[in-house]
Amino acid sequence: MIDFRIDRRSGVATYLQLVNQVKQALRLGLVGPGDRLPTAKDVVARTGINPNTVLKAYRELEREGLVEPRPGLGTFVRRSLATPGVAEDSPLRGDLLEWMDRARQLGMGREDVEALFRAVLDQRF
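Summarised in this report is the structure supplied together with it.

Here is what the cut-offs are and how they apply
Residues numbered from 1 in each chain as written. Predicted model: local features only at pLDDT ≥ 70, side-chain atom pairs only at ≥ 80, totals over all residues. Heavy atoms only, no water. Helix = DSSP H or I, 4+ residues; strand = E, 2+ residues; numbered from the N terminus. Buried < 20%, exposed > 50% of the residue type's maximum accessible area, 1.4 Å probe, protein only. Contact = heavy atoms within 4.5 Å. Areas by Shrake-Rupley, 256 points an atom, 1.4 Å probe, with all protein chains shown as cover. Lys, Arg positive; Asp, Glu negative; His and termini not counted. Charge placed at Lys NZ, Arg CZ, Asp CG, Glu CD. 1 Å grid on protein atoms, 1.4 Å probe; cavity = no way out; pocket = protein on both sides within 12 Å on 5 of 7 lines; lining within 4 Å. Points joined across faces, edges and corners; volume = space filled by probe spheres on them. Nonpolar A, V, L, I, M, F, W, Y, C, P; charged D, E, K, R; others polar.

**Here we look at the overall build of the protein chain**
Right, on to step 1. Counting secondary structure elements, the protein chain contains five helices and two strands.
Right, on to step 2. Along the protein chain, helices and strands appear, N-terminal first, in the series α-α-α-β-β-α-α.
Right, on to step 3. Over its C-alpha atoms, taken along the principal directions, the protein chain stretches across nearly 50 × 35 × 25 Å.
Right, on to step 4. Here the protein chain holds 125 residues, and the buried ones make up 26% of them.
Right, on to step 5. Taking contacts inside the protein chain between residues at least 6 apart in sequence as the whole, the part at least 24 apart equals 52%.
Right, on to step 6. Of the roughly 8,900 Å² of accessible surface on the protein chain, a fraction of 51% belongs to carbon and sulfur atoms.
Right, on to step 7. Side chains of the protein chain carry 20 positive and 17 negative charges; the gap between the two charge centres is 6 Å.

Next comes the structure, spelled out in structure tokens:
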């Protein structure tokens with residue numbers, strides 16, 4: 001199940017934060033085809049956001065063909081975004097974990113790692 005986290009200071013619309021978190025869960029294989037997303041009521045109870053915001057996010061995911069609502073049952077994942085390199089047991093993920101451990105040992109904080117990662121990402125993609 002996805003544990004939504006809302007950052008009210010991010011400048012990103014709340015519904016887009018939900019959409020992005022679902023997409024990330026799909027990419028990481030945390031949820032896949034057939035899995036049920038949390039109900040709007042559950043998301044509201046955990047995050048304190050407006051139910052219409054959750055519904056807007058789910059409609060956007062539906063528009064993108066990632067989920068489908070089933071009246072009376074909930075919203076279900078239609079397709080995955082996962083690729084082999086992100087699986088929990090993939091060698092690439094293991095390499096990244098080792099790199100992160102080295103970065104922490106060198107005293108790098110989260111912001112430092114994000115800045116370096118984004119710089120290299122922009123350089124290569």
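**Some remarks on the layout of surface pockets**
Right, on to step 1. For the largest pocket, the calculated volume is near 1,400 Å³.
Right, on to step 2. Around the largest pocket sit 27 residues that line it, and Gln 24, Leu 96, Met 100, Glu 114 and Phe 117 are the ones nearest its centre.
Right, on to step 3. When contributions to the lining of the largest pocket are tallied by element, the ones reaching two or more residues are helix H1 (14-27), helix H4 (91-105) and helix H5 (110-124).
Right, on to step 4. There is about 260 Å³ of room inside the second largest pocket.
Right, on to step 5. As for the second largest pocket, its lining consists of Met 1, Ile 2, Arg 5, Gln 17, Asn 20, Gln 21, Gln 24, Ala 25, Leu 28 and Leu 30.
Right, on to step 6. A per-class count over the lining of the second largest pocket returns five nonpolar, four polar and one charged.

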